[in-house]
Amino acid sequence: MAQLTTIGQLPLNQPPVHHYTAYRPRPFKREEREKVTILYGGLTWKHERLVQGAMHNMKYNAEPLPNIARDDLDAGKELIDVGACCPTIFTTGSLVNFLKKEVAASSKEEVANKYVFLTAGACGPCRFGQYHESYSMALDGLGLRDFRMFLLAQDELDQGPSGGGGLEINLPLSLGLIWGILFGDLLTDLEYMTRPYEVNPGQTDKVLQASVEYLYGVFRERPDHGAKYGTLAWHLLTNYFTRALREVRKMWDAIEVDRVRVKAKVKITGEFWLQTHEGEGNYNIKRWLEQEDSEVVAPPVAVWLHYLLHPTIRKLEHRHSTSKHPRIEEALLHALERIYRWTYNRFRNALAGLPNELPDQEELRELAEPFYHFELRGGEGHMLIGKALHAYHHKKAHMICELSPYSCMPNTMSIGSMANVIGKYPDLLYAPIEVKGDSEVHALSRCQMILTEAKRRAQDQFDEVLKKTGLSAEKIRKYEERHPEVRRATYKVPHRGYSGTAANYVIHLAEDRGLARA
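Here the residue index of a chain counts from 1 through its sequence in written order. Local features are withheld for residues below a pLDDT of 70 in this predicted model, meaning they are given only at 70 or higher, and side-chain atom pairs are given and counted only at 80 or more; totals for whole chains, interfaces and linings count all residues. Excluded from the side-chain calculations are hydrogens and water; all other atoms, namely the structure's heavy atoms, are used.

A run of H or I in DSSP becomes a helix once it reaches four residues, and a run of E becomes a strand once it reaches two; helices and strands are each numbered from the N terminus. The helix and strand tally for the chain stands at 20 helices and nine strands. What the globule rule says is 2.2 Å times the number of residues to the power 0.38, and the radius of gyration is computed from C-alpha atoms. Its C-alpha atoms give the chain a radius of gyration of 25 Å, within 12% of the compact-globule value 24 Å for 518 residues. Only protein chains enter the calculation, and the probe is 1.4 Å; a residue is then buried if its accessible area is under 20% of its type maximum, exposed if over 50%, and partly exposed in between. Every one of the 518 residues in the chain was classed for burial, and the buried ones make up 53%. Note on definitions: a residue-residue contact is assigned when non-hydrogen atoms from the two residues lie within 4.5 Å. For the chain, the share of sequence-separated contacts (at least 6 apart) that also reach a separation of at least 24 residues comes to 75%. Surface accessibility follows the Shrake-Rupley procedure with a 1.4 Å probe radius. Residue values consider only the protein chains on display as shielding. Carbon and sulfur atoms make up 53% of the accessible area of the chain, which totals about 24100 Å².

Next up on the list: the packing of helix H13 (residues 309–317) against helix H14 (residues 326–350). The contact between H13 and H14 brings their axes to 9 Å, and the two run at 150°. Taken together, the axes of H13 and H14 are roughly antiparallel relative to one another. Read as a crossing pair, H13 and H14 show a hand that is left-handed. Contacts from Leu309, His310, Thr312, Ile313, Leu316 and Glu317 in H13 reach Pro326, Glu329, Glu330, Leu333, His334, Leu336 and Glu337 in H14. Charged means Asp, Glu, Lys or Arg here, nonpolar means Ala, Val, Leu, Ile, Met, Phe, Trp, Tyr, Cys or Pro, and polar covers whatever is left, Gly included. Within the contact of H13 with H14, the residues separate by chemical class into six nonpolar, three polar and four charged. To define axes, lines are fitted to C-alpha atoms, for helices over the stretch in contact only, and angles between the resulting N-to-C directions are given on a 0 to 180 degree scale. Reported orientations rely on four angle classes, namely roughly parallel under 35 degrees, roughly antiparallel over 145, roughly perpendicular from 65 to 115, and oblique for the rest. Handedness of a crossing follows from how the near helix is turned relative to the far one, being left-handed for an anticlockwise turn of less than a right angle and right-handed for a clockwise one.

Grid spacing is 1 Å over the protein atoms alone, the probe is 1.4 Å, and a cavity is where that probe fits but cannot get out, while a pocket is an open set with protein on both sides within 12 Å along at least five of seven lines and lining residues have an atom within 4 Å of a point. Grid points are joined across faces, edges and corners, and a volume is the space filled by probe spheres set on the points. Put simply, the second largest pocket is a space of about 960 Å³. Forming the walls of the second largest pocket are 41 residues, and the residues nearest its centre are Met193, Lys265, Leu354, Asn356 and Lys396. Only helix H6 (171–194), strand E6 (264–270), strand E7 (294–297), H14, helix H15 (361–368), helix H16 (383–393) and helix H20 (501–511) provide two or more residues apiece to the lining of the second largest pocket. With five residues, the top contributor of residues to the lining of the second largest pocket is H6. A per-class count over the lining of the second largest pocket returns 19 nonpolar, ten polar and twelve charged.

The next subject is helix H1 (residues 45–57). Expected helix span is given by 1.5 Å per residue-to-residue step, counting one fewer step than there are residues. Its 13 residues give H1 an end-to-end C-alpha distance of 18 Å, which sits within 8% of 18 Å, the value for a rise of 1.5 Å per residue. For H1, a buried count of ten out of 13 residues is recorded, marking the element as mostly surrounded by other parts of the structure. For H1, the full list of buried residues reads Lys46, His47, Glu48, Leu50, Val51, Gln52, Gly53, Ala54, Met55 and Asn57. Taken together, the buried residues of H1 touch strand E1 (37–40), strand E2 (61–64), H6, helix H7 (203–220) and helix H12 (301–307). Downstream of H1 by a residue or two, Lys59 has a phi angle that is positive, lying close to 70°.

When DSSP finds at least two bridges between two strands, those strands are taken to pair. If you walk across this open sheet you meet the four strands as E7-E6-E8-E9, and the pairing is parallel. Each edge of the sheet is formed by a strand with only one pairing partner; in this case those strands are E7 and strand E9 (429–435). The average undirected angle you get between the axes of adjacent strands in this sheet is 25°. Looking at chain direction, strand E8 (residues 399–405) and E9 are connected through seven bridges and run parallel. What sits directly across from Ser404, in E9, is Glu434. Contacts between helix H18 (residues 440–469) and the sheet are confined to E6, E7, E8 and E9, with E9 contributing the most and set at about 160° to the helix.

Turning to the side chain of Thr91, a few remarks are in order. Relative to the helices and strands, Thr91 resides in helix H3 (residues 86–105). We call two N or O atoms a polar contact when they sit within 3.5 Å, provided that within protein one can donate a hydrogen and the other can accept it, with sequence-adjacent residues counted only if both atoms are side-chain atoms. Looking at Thr91, its side chain comes within polar contact range of the main-chain oxygen of Thr88, at 3.2 Å. When residues no more than four places from it in sequence are discounted, the contact partners of Thr91 are Ile68, Tyr131, Tyr135 and Trp273.

In this model, Asn284 sits at a positive phi of 50°, which is unusual for a non-glycine residue. Along the chain, the position of Asn284 falls in the loop between helix H10 (272–276) and helix H11 (285–291).

Our next topic: the pattern of salt bridges. Salt bridges are identified by distance alone: a Lys or Arg side-chain nitrogen within 4 Å of an Asp or Glu carboxyl oxygen. One pass over the structure, following the stated rule, counts 30 salt bridges. Across the pair Arg148 and Glu32 runs a salt bridge, and its minimum N-O distance is 3.0 Å. One end of the pair, Arg148, is in strand E4 (residues 148–152); the other, Glu32, is in the segment before E1, and 116 residues separate them in sequence. Look at Glu32 and you get buried, because its relative accessible area is 15%. Across the salt bridge formed by Arg261 and Asp258, the nearest N and O atoms sit 3.7 Å from each other. Its relative accessible area of 9% is what places Asp258 among the buried residues.

So, in structure tokens, the structure goes:
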């Protein structure tokens with residue numbers, strides 16, 4: 001029987017109690033900057049390469065984590081809560097597998113000193129705000145408690161208790177990162193609207209790769225205009241970036257496309273990481289849809305950045321802010337919103353207006369409000385409903401494919417609300433796909449059921465337009481031989497009230513270029 005000292009004390013042979021302490025990284029110091037590499041991830045390879053250019057421009061060593069692979073799911077499940085949503089498991093596993101390889105090649109101490117991991121933070125009901133807790137749990141499991149991970153929130157960067165200073169959040173860095181993300185969105189739009197129609201298979205991917213590398217150099221060689229308002233004015237007014245985009249447009253001029261191919265247009269929505277990701281984390285669903293004779297409308301990160309302005313605007317509108325000058329701040333935020341959209345459109349215009357416009361956040365809110373209140377924040381919130389109805393009313397897609405992680409609360413709420421939407425708009429084609437990471441056959445077969453009807457509608461639209469204009473595929477081909485410019489990837493086909501590219505192309509040739517009268 002264990003010997004007791006006095007009443008209320010532990011047995012003499014009881015081991016000491018080690019209470020749980022929250023993860024607190026060592027500071028990342030300014031003097032370490034040249035020998036430490038900043039790891040990051042979570043976006044597409046295009047976005048990450050352009051962000052890397054902006055980081056290299058600021059003299060940081062920066063490296064994106066490898067793209068998500070199926071093995072990352074298994075690695076994540078070994079070290080964190082298996083009930084976590086699959087984006088959490090995948091991204092944790094990606095970090096784990098990278099660190100395992102580095103430790104095998106050197107040592108735990110060397111890895112802890114050589115790398116820091118920069119990840120995003122958030123709040124609200126979405127578990128995105130708890131990703132870093134899973135990362136710290138995984139680091140404990142690997143015996144890498146000394147590895148440094150820093151949380152980049154929407155308004156600050158936690159670099160440790162003493163501030164650190166290894167990563168300086170200033171205007172040149174912030175604008176470089178935002179501009180890199182916007183450029184990644186623009187290239188993604190070009191990619192997905194071109195590849196399904198390319199005449200020479202693989203040409204789009206080659207031009208895309210060349211474009212990304214060219215723009216990486218543009219960001220890496222970005223001129224220095226100071227740390228404050230001079231750099232802001234330069235980024236907004238310079239032709240440095242628009243000139244670079246016009247060079248990119250010339251690269252895409254070389255791609256020949258055949259827009260008479262009838263494709264179902266599928267808009268991707270859903271949880272932020274899953275809808276953005278391109279790879280095994282969402283079953284490569286975008287490439288799979290293209291293989292199934294579809295044109296994908298990929299979601300731009302720019303819409304999320306735009307959305308981030310609006311919760312603050314709402315607080316100021318309802319006078320729920322603690323600001324001393326709410327009306328002035330509200331006016332400034334509305335001005336910032338206009339500048340943001342103007343900048344994005346300026347970049348779009350440098351690419352012949354080909355990338356898609358950003359949807360109006362107020363319109364998304366109004367469309368969603370009867371079904372999902374905009375104050376129910378978390379994840380994409382009301383935007384999932386608003387985006388689906390926006391595509392439906394404006395005829396921007398034949399169907400909506402919403403990608404939701406297993407057990408994701410915000411997306412579960414939106415899917416429930418969509419049942420009401422479908423009740424009111426029964427002809428809206430909607431495919432909610434629950435992604436677990438290892439149930440590919442089930443998820444893709446469910447999508448294929450809805451896609452079959454979307455393909456039929458795309459063909460019906462095309463046949464309707466041919467009948468309406470009196471054209472035939474043969475007559476269109478002969479016209480294209482005389483006017484080869486219409487077969488360039490950079491030739492803009494205006495939206496003429498149809499969801500499909502082929503239908504809009506035919507009616508454009510007939511009514512805008514006079515083919516029916518020729």
